[in-house]
Amino acid sequence: MGAVSPDLLKAHDQLAAAAPTERKLDAKTRELIALAVAVTTRCDGCIAVHSDAARKAGASKEEVVEALGVAVALNAGAALVYTARAFEAFTGESG
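All values derive from a computational prediction rather than experimental measurement. Residue positions are given per chain, counting from 1 as you read along its sequence in written order. Since the coordinates come from a predicted model, pLDDT governs what is reported: local features require at least 70, and pairs of side-chain atoms require 80 or more to be given and counted, while whole-chain, interface and lining totals use all residues. By convention in this description, side-chain values take in all heavy atoms of the structure and omit both hydrogens and water.

S.K.: What am I meant to see in helix α2 (residues 27-40) here?
M.R.: Working note: α-helix, 3.6 residues per turn, so residues spaced by three or four point in the same direction. A run of H or I in DSSP becomes a helix once it reaches four residues, and a run of E becomes a strand once it reaches two; helices and strands are each numbered from the N terminus. Residue count minus one, scaled by 1.5 Å, sets the expected span of a helix. Between its terminal C-alpha atoms α2 stretches 20 Å, which fits the 20 Å expected from 14 residues at 1.5 Å a residue. Of the residues making up α2, those classed as buried are Glu31, Leu32, Leu35, Ala36, Ala38 and Thr40. Elements that come into contact with the buried residues of α2 comprise α3 (44-56) and α4 (61-91). In the segment just after α2, Arg42 is the residue with positive phi, at about 55°. Burial status follows relative accessibility: with a 1.4 Å probe on protein chains alone, a residue under 20% of its type maximum counts as buried, one over 50% as exposed, and anything between as partly exposed. Should any heavy atoms of two residues lie within 4.5 Å, those residues are considered in contact.

S.K.: Teacher, can you tell me more about the packing of aromatic side chains here?
M.R.: Here a pair means two rings of Phe, Tyr or Trp (six-membered ring of Trp) with centres within 6.5 Å. Their orientation is stacked below 30 degrees between planes, edge-to-face above 60, and tilted elsewhere. The final tally for this structure, using the stated rule, is zero aromatic pairs. Looking at Arg85, its charged tip hangs above the ring of Tyr82, at a distance of 4.7 Å from the centre. Whether a charge sits over a ring depends on NZ of Lys or CZ of Arg being within 6 Å of the ring centre and within 35 degrees of the ring normal.

S.K.: Which parts of the structure should I look at to understand the layout of surface pockets?
M.R.: It is a probe the size of a water molecule, rolled over the atoms, that shows where empty space is left. Each pocket or cavity is described by its volume, and for the largest pocket that value is around 280 Å³. Around the largest pocket sit Arg23, Arg30, Glu31, Ile33, Ala34, Gly45, Cys46, Val49 and His50, which together line it. Counting only elements with at least two residues in the lining of the largest pocket, the list comes to α2 and α3. Residues are grouped as follows: Ala, Val, Leu, Ile, Met, Phe, Trp, Tyr, Cys and Pro are nonpolar; Asp, Glu, Lys and Arg are charged; all remaining types, including Gly, are polar. In the lining of the largest pocket, the residues fall into four nonpolar, two polar and three charged. For each structure, a 1 Å grid was placed over the protein atoms alone; sets of points admitting a 1.4 Å probe that cannot get out are labelled cavities, open sets with protein on both sides within 12 Å along at least five of seven lines are labelled pockets, and lining residues have an atom within 4 Å of a point. Grid points are joined across faces, edges and corners, and a volume is the space filled by probe spheres set on the points.

See below:
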């Protein structure tokens, strides 16, 4: 892909590197957030990369479970919102 569209990969790399120079979150916290986001976006590659990075940043199993629990809760909340929308679409009723 890079040979066909080098600008696409360059843009991705620039976006990924656009983090603030003075970071407020430590590497472990950033990787735990990234791992939870990877689960919510269902990205296998991201899960692999950020699991490894979280491990290398010193995340414990318990911290990973807590971060993943946040992802589960968020997905459940999103499913509830979209369930209401689906029911409204089916019934034609709001609320």
